[in-house]
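# Breakdown of the fold
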Amino acid sequence: MNVIRSYAPIGALMVAFALVGCDGETEMMDGGPDLTDAGPTDAGDPADTGVEEDAGVDGGVDEDSGVGCGADEAEVRGVCVATCGADTSGWDAALDESLAVVATFCSDAARFGAHAGDPAQVFTLRSAPVDGGTRFDLATFAAMGASEPTESPIGSVMATHAGDVMAFLGGYLAVSPDASRALFGYTVSDSAFSGQVFSVVTMDGAHTDFAADGNFDATWMSDDTLLVNGMGFDGAGSGQGLYAARFGSETTTARVGTGLGNFSGGVAVGPDYVLAGGFFDDGGRVYVVATSAIEAALTTGAPIDFEAVGVRVGEAEMLPSSFDLVNDMIVVQVLTPSFDLDGLRAYPVDAFDATTGITLGAPLDLTSGNLFDVAHDAGGGRMLLEFADGLLLVE
């Protein structure tokens, strides 16, 4: 789940995700894909948000809708939501007409993760510089009730690194299917893009650390098995590929996939398939294999070659190498020719076959413009959309 996100400084450091970019150059990643790996584009004027003059009001009563909202609220599609300090005047025009607004949750977290449910459980990640490295603070709250939720701390993790390098927070915060573990990582600005991935037990904050160079994206294949798309992994070797770690009486690690190009991409797990992306000489690609193939690779220690055995996904749609899987839809960022964010586009996964791959449905533009940059599965057909100052819950 690696997408364009905004970064805040960590004191003298900038929290971001750095690695060899998808175009082969070093870049500062704000948790997202290489902007040169544009995928779907929109040649329209990025400054044209399509906002109607009567898009709602920031407080008071909307004369058209008759909805009375508080001083720190705005009416969006007939619902009063906390603005969280954001300009909400363009939200109605930016959201697909099929989406109904439910609520907002204000937060200054650097990263969000979500565990689908009723309500969804939101996980937050923040970082701060400390002597000898960087501290990461993990917390959680339920996506219900107050717009300014009280977060419950889970624990803190300390990353030790030299003071003469910059530390960059990865663009993902992945939650295991049973919500028992949360996964995040960072890299530093050395020649190897050294970094670590942390698996944190959400009940008590206990954590397991893995050396993971260039960890671009990561997710969970099951409650006890994680996947990392990166340039190397603890005890499993090095080189661009897909890596796995499985917890048990002993923790095992393995390189489970090769053939993912020159530089890293996204990784996501569906009901019975695994999606993995990479950047090749001719651009970004996404491949799919059956989950059973990854299980076999983890058991035998023999990685599969995605380019040789996997099935290309969305070649005609020019899917970028970075993506999310939300509500059984592959969600990608739409970029303008000048590589500005211009919306989130979703491709429904209509079917999967281990031989023929994934059948995609007609694309849906969830959002337009640059107001919302990430989508999370909230369960029950709902989504949490990230904006500059928090999350918007829609259904």
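Everything below is about the structure shown above.
Residues numbered from 1 in each chain as written. Predicted model: local features only at pLDDT ≥ 70, side-chain atom pairs only at ≥ 80, totals over all residues. Heavy atoms only, no water.

### Describing the side chain of S264
Of note, S264 is situated in strand β23 (residues 263-269). Of the polar contacts made by the side chain of S264, one reaches the side chain of Q240; its length is 2.8 Å. (Helix = DSSP H or I, 4+ residues; strand = E, 2+ residues; numbered from the N terminus. Polar contact = N/O pair within 3.5 Å; in protein donor to acceptor, adjacent residues only side chain to side chain.)

### A short note on the sheet that holds strand β22 (residues 252-258)
Within the open sheet, the five strands sit side by side as β19-β20-β21-β22-β26. Their pairing is mixed. Since the sheet does not close on itself, it has two edges, and those belong to β19 (217-222) and β26 (304-305), each with one partner. Looking at chain direction, β22 and β26 are connected through two bridges and run parallel. Residue pairing for β26: T258 is matched across the bridge by D305. (Pairing = 2+ DSSP bridges.)

### A closer look at unusual backbone geometry
Among all residues except glycine, the phi angle is most often negative; among peptide bonds, the trans geometry is most common. In this structure, P119 follows D118 across a cis peptide bond, with omega equal to 5°. Positive phi outside glycine occurs at M318, with the angle close to 55°. For M318, a relative accessible area of 57% gives the class exposed. In this model, F339 sits at a positive phi of 65°, which is unusual for a non-glycine residue. The residue F339 is located in the loop between β29 (329-335) and β30 (341-353) in this model. Owing to a relative accessible area of 33%, F339 belongs among the partly exposed residues under this scheme. (Buried < 20%, exposed > 50% of the residue type's maximum accessible area, 1.4 Å probe, protein only.)

### Focus on the pattern of salt bridges
Under the defined criterion, the tally for this structure stands at ten salt bridges. Among the ionic pairs, D92 bridges to R77, the shortest N-O distance being 2.6 Å. Residue D92 is located in helix α1 (residues 91-94), and its partner R77 is located in the loop between β7 (73-76) and β8 (79-82); the two are separated by 15 residues in the primary sequence. For D92, a relative accessible area of 29% translates into the label partly exposed. The residue R345 makes a salt bridge to D365 at a minimum N-O spacing of 2.6 Å. (Salt bridge = Lys/Arg side-chain N within 4 Å of Asp/Glu carboxyl O.)

### Describing the sheet that holds β23
Pairing is antiparallel across the open sheet formed by four strands, whose spatial order is β23-β24-β25-β27. Strands with a single pairing partner mark the edges of an open sheet, and in this sheet they are β23 and β27 (311-312). In the sheet, strand β25 (residues 283-290) pairs with β27 via two bridges, with the strands oriented antiparallel. The partner of V288 across the bridge, within β27, is V311.

### Here we look at the state of the cysteines
Disulfide: a covalent bond formed between the sulfur atoms of two cysteine residues. Inspection of every chain in the model, using the stated rule, returns two disulfides. There is a disulfide in this structure between C69 and C80, and the S-S distance comes to 2.0 Å. Note on the C69 and C80 pair: the S-S dihedral is about -80°, so by sign convention the disulfide is left-handed. Of the two residues, C69 sits in strand β6 (residues 68-69) while C80 sits in strand β8, which places them eleven residues apart along the sequence. For C69, a relative accessible area of 10% translates into the label buried. Assessed through its relative accessible area of 26%, C80 is described here as partly exposed. Between the sulfur atoms of C84 and its disulfide partner C106 the distance amounts to 2.0 Å. Across the disulfide from C84 to C106, rotation about the S-S bond amounts to roughly -80°, and the bridge is consequently left-handed. Here C84 is found in the loop between β8 and α1, whereas its partner C106 is found in strand β9 (residues 101-106), with 22 residues between them in sequence. (Disulfide = S-S within 2.5 Å.)

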